[in-house]
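Architecture at a glance
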Amino acid sequence: MTEPAFSPAAERNKHPIFDMLRQLLPMQGRALEIASGTGQHAAWFAAQMPQWTWLPSDAQVDLFPSITAHATAAHLRNVQPPRLLDVLSDRWLPDDASGQAPLFDLIYCANMLHIAPWACCAALMRGAARHLAPGGQLATYGPYLEDGVPTSEGNLAFDQSLRAQDPAWGIRRREDVEREAQHAGLRLAARHAMPANNLLLVWTRAS
Ligand SMILES: C[S@@+](CC[C@H](N)C(=O)[O-])C[C@H]1O[C@@H](n2cnc3c(N)ncnc32)[C@H](O)[C@@H]1O
């Protein structure tokens, strides 16, 4: 079996994220994870929520062995094989036999918006609007800048290091993300402060 990749940050934040998600989610449902990375979140959340099916995805196919290895090591049957999904693509997933886009009760995306070009934000919102089931929720997790909220020294330094690595990257303003959500027909339903100056934002259909 492939040795799974390990992210210390994902290991640290999977507990507080899940503690918040469990309060927001029904007992069962179908989740699509965007930007699964190593697959640690997929394996942890699916293990805690056995009545949920979890579809991990990422734009980088070389992460798939790690995603699968984490799920296999935890003996999980409710994690589906990872899908190649770039949020910028026109069609995230093929329609089902009746011509419908597959729908999910949760679309979960952690730590992607700041490590991807800004166009990925609008693309994430458009895709989520297409694939959210009625009553479904999009949850985005990560650092954000917010008007009227002092930015921590840590997030300022992180933002600078991101921009130095790639000028297209950087911590996003929550208000800018909200504007892209509105264009896609979504609204910010909840803002949860998380450890280490991160936020868990919950987005639902505007109407
Ligand atoms: C910092 S990692 C976060 C991984 C994981 N969600 C976590 O929180 O540990 C960022 C991930 O975003 C993915 N990513 C970047 N651009 C993307 C895109 N356009 N579509 C989908 N995933 C993307 C990368 O491949 C990478 O796995």
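Above this note sits the structure.
The following paragraphs examine the structure supplied in this document. (Residues numbered from 1 in each chain as written. Predicted model: local features only at pLDDT ≥ 70, side-chain atom pairs only at ≥ 80, totals over all residues. Heavy atoms only, no water.)

Looking now at the nonpolar core. Of all hydrophobic cores here, the largest spans 32 residues; its most connected members are Leu32, Ile34, Val87 and Met112. Sorting the residues of this core by element identifies β1 (29-34), β5 (104-110), α4 (119-131), β6 (132-142), α6 (174-183), β9 (186-194) and β10 (198-205) as the ones contributing at least two each. In terms of residues, this core owes the most to one element, α4, which gives seven residues. The contacts of Val87, once residues within four sequence positions are left out, are Ile34, Trp92, Met112, Cys120, Ala123 and Leu124. Counting 23 residues, the second largest nonpolar core, distinct from the first, contains Met49, Trp52, Ala71 and Tyr108. (Core = buried A, V, L, I, M, F, W, Y, C linked by side-chain atoms within 4.5 Å. Buried < 20%, exposed > 50% of the residue type's maximum accessible area, 1.4 Å probe, protein only. Helix = DSSP H or I, 4+ residues; strand = E, 2+ residues; numbered from the N terminus. Contact = heavy atoms within 4.5 Å.)

Tracing the sequence through the fold places Glu175 in helix α6. By relative accessible area, Glu175 is classed as buried at 19%. Separated by 77 residues in the primary sequence, Glu175 and Ser98 have C-alpha atoms spaced 37 Å apart.

Below, the discussion takes up the pairing of β5. Most of β5 is tucked away, with six of its seven residues classed as buried. With four bridges connecting them, β1 and β5 associate as parallel partners. Directly across from Ile34, in β5, lies its bridge partner Cys109. Pairing between β5 and β6: six bridges, direction parallel. Across the sheet, the residue bridging to Ile107 is Leu138, located in β6. Crossover connection from β5 via α4 to parallel β6: handedness right-handed. (Pairing = 2+ DSSP bridges. Right-handed = clockwise from strand over helix to strand, strands pointing away.)

Moving on to the sheet that holds strand β2 (residues 52-55). Spatially, six strands are ordered β2-β1-β5-β6-β10-β9 in an open sheet, and the strand pairing comes out mixed. This sheet does not close on itself; its edge strands, each paired only once, are β2 and β9. Neighbour-to-neighbour, the strand axes of the sheet open up by a mean angle of 20°, direction not taken into account. Relative to β2, β1 runs parallel, the two sharing four bridges. For Arg30, the partnering residue across the bridge sits in β2 and is Thr53. (Axes fitted to C-alpha atoms, helices over the stretch in contact; angles between N-to-C directions.)

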